[in-house]
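Overview (structure and organization)
For reference, the chains in residue letters:
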Amino acid sequence: MKLSTQHLLGIKDLTKEDISLFLDTATQFKEVLQRPVKKVPSLRDVTIVNLFYENSTRTRISFELAEKRLSADTINFTASGSSVSKGETLLDTVNNILSMKVDMVVMRHSASGAPHFLSQHIPAAIVNAGDGVNEHPTQGLLDAFSIREKVGKLAGTKVAIIGDITHSRVAMSNMYLLKKMGAEVTLCGPPTLIPKYAREAFGVNVSYNLEETLNWCDVANVLRIQLERQNQVLFSSLREYNLSYGISRRLLEGLKKDVVIMHPGPINRGVELDSDVADSGQSIILQQVENGVAVRMAVLYLLSNKNN
């Protein structure tokens, strides 16, 4: 089976078959990562540049580790230490890198659509590692992989996405993917942090009541409050947010069932999640991080066309 696309620009562009292929391939690579020798020669002689114009910890390390596990040659680029600070354009930067015979570009950028722009101008395969408030497709894939691993399926699973929906590229990728794979989705948070068009545009439910949402869902994917992307005051204080939408141990103990807790990170402890929830047995946050390597190995392998 082959992907319908040359790039991974967003979940919106993928077919249901593409998503299944990514997830099934990630399952195989996770088995590889359990072995004493975790390295495979699948991408030997493939050169990948990690082009990060935004700060990143988990995503960048996860991609770098995935590339090393696949035996790829990697180049790490940060905008702050490059000619970008001297005024060099994105296209000039990438063309200079490509002249060094690079096969794939993993890109994170603050501008929505930057990877799409790049894919129209260069021959290398592009992997979107997060673009503005648009999408974060590999996070969407690893979240889906983690849900399927924990719950056993995606179709019919009730998933709540809780928090700052408006400014979250993770929420966008999750909504696209979960709906395509037959899951039920509810967005929950303050009215100021959920787009007014969400119900109609994405076919999801919207709730402003956290306790009702948690009693409904099987999985709660809790998002960080992205103060750096907010250009106006959308709630009075972080304490007020925590009181209304923060998930505490006491709140979970009052529910009628156990709910799986997820978070893409970084966690604002004491805001969206209390520490005793983030570190509890209901949390699969560290499993998400572990699964991220296997999922990104699958993405890089399938886009390299080495499986043909």
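Look up: the structure comes first, before these words.
Residue positions are counted from 1 within each chain, in the order its sequence is given. Side-chain atom pairs in this predicted model are given and counted only at pLDDT of 80 or more, local residue features only at pLDDT of at least 70, and totals for whole chains, interfaces and linings cover all residues. Side-chain metrics rest on all non-hydrogen atoms present in the structure, leaving aside hydrogens and water.

As a further point, take the overall build of the chain. By the criteria applied, helices consist of DSSP H or I runs no shorter than four residues and strands consist of E runs no shorter than two, each listed in order from the N terminus. A count of helices and strands for the chain gives 12 helices and nine strands. Atoms considered for the radius of gyration are the C-alpha atoms alone. The globule rule reads 2.2 Å times the number of residues to the power 0.38. The globule rule puts the C-alpha radius of gyration for 308 residues at 19 Å, and the 19 Å found for the chain is close to it. Counting only C-alpha atoms and orienting by the principal axes, one finds that the chain spans roughly 55 × 45 × 35 Å. Per-residue accessibility, obtained with a 1.4 Å probe over protein chains only, is compared with the maximum for each type, and a residue is labelled buried under 20%, exposed over 50%, and partly exposed between these values. Across the 308 residues that make up the chain, the buried fraction comes to 56%. If you take every contact in the chain between residues at least 6 apart in sequence, the share linking residues at least 24 apart comes to 74%. Reported accessibility uses the Shrake-Rupley method at a 1.4 Å probe radius. Residues are deemed covered only where the shown protein chains occlude them. Split by element, the accessible area of the chain, about 13,600 Å² in all, is 49% carbon and sulfur. Within this scheme the basic residues Lys and Arg register as positive and the acidic residues Asp and Glu register as negative, but His and the chain ends are omitted. Just so you know, the charge point we use is NZ for Lys, CZ for Arg, CG for Asp and CD for Glu. For the chain, the separation between the mean place of its 34 positive charges and that of its 32 negative charges on side chains is 2 Å. We call two residues in contact when some of their heavy atoms are within 4.5 Å.

Looking now at the sheet that holds strand S4 (residues 125-131). Hydrogen bonds along the backbone pair up the strands of a sheet, which may run parallel or antiparallel. A sheet is described by the order of its strands in space; here four strands give the open sequence S2-S1-S3-S4, paired in parallel fashion. If you trace the sheet from one side to the other, it starts and ends with strand S2 (73-78) and S4, each paired once. With direction set aside, neighbouring strand axes in the sheet form an average angle of 15°. Here strand S3 (residues 104-109) runs beside S4; their pairing, made up of five bridges, is parallel. Considered in S4, the bridge of Met104 is made with Ala125. Inter-axis angles, ranging from 0 to 180 degrees, are taken between N-to-C directions of lines fitted to C-alpha atoms, where helices are fitted over the stretch in contact. In the packing of helix H12 (residues 285-303) onto the sheet, contacts are made with strand S1 (47-52), S3 and S4, and the angle to S4 comes to roughly 150°. Any two strands are treated as partners once DSSP identifies two or more bridges connecting them.

A few words on the side chain of Ser304. Within the secondary structure, Ser304 is located in the segment after H12. The exposure class of Ser304 is buried, given its relative accessible area of 17%. Here a polar contact is taken to be a pair of N or O atoms separated by no more than 3.5 Å, where protein atoms must pair a possible hydrogen donor with a possible acceptor and residues adjacent in sequence count only if both atoms sit in side chains. Among the polar contacts listed, one links the side chain of Ser304 to the backbone oxygen of Tyr301, at a separation of 2.6 Å. The contact partners of Ser304, leaving out residues within four places of it in the chain, are Leu43 and Met104.

With that settled, consider helix H5 (residues 137-151). Over its 15 residues, H5 extends 21 Å from the first C-alpha to the last, a length consistent with the 21 Å expected when each residue adds 1.5 Å. Within H5, 11 of the 15 residues are buried, which leaves it mostly tucked inside the rest of the structure. Among the residues of H5, those classed as buried are Pro137, Thr138, Gln139, Gly140, Leu141, Leu142, Asp143, Ala144, Phe145, Ser146 and Ile147. Following H5 by one or two positions, Gly152 adopts a phi angle in the positive range, close to 105°. By definition here, a helix of n residues has an expected span of 1.5 Å times n minus one.

With that out of the way, let us pick up helix H3 (residues 90-98). Of the residues making up H3, those classed as buried are Leu90, Thr93, Val94, Ile97 and Leu98. What you see down the axis of H3 is that its buried residues fit within an arc of 130°, all on one side. Tucked into the core, H3 has its buried residues touching S1, S2, S3 and helix H4 (114-119). In this description, one arc is meant: the one made by directions from the helix axis to the C-beta atoms.

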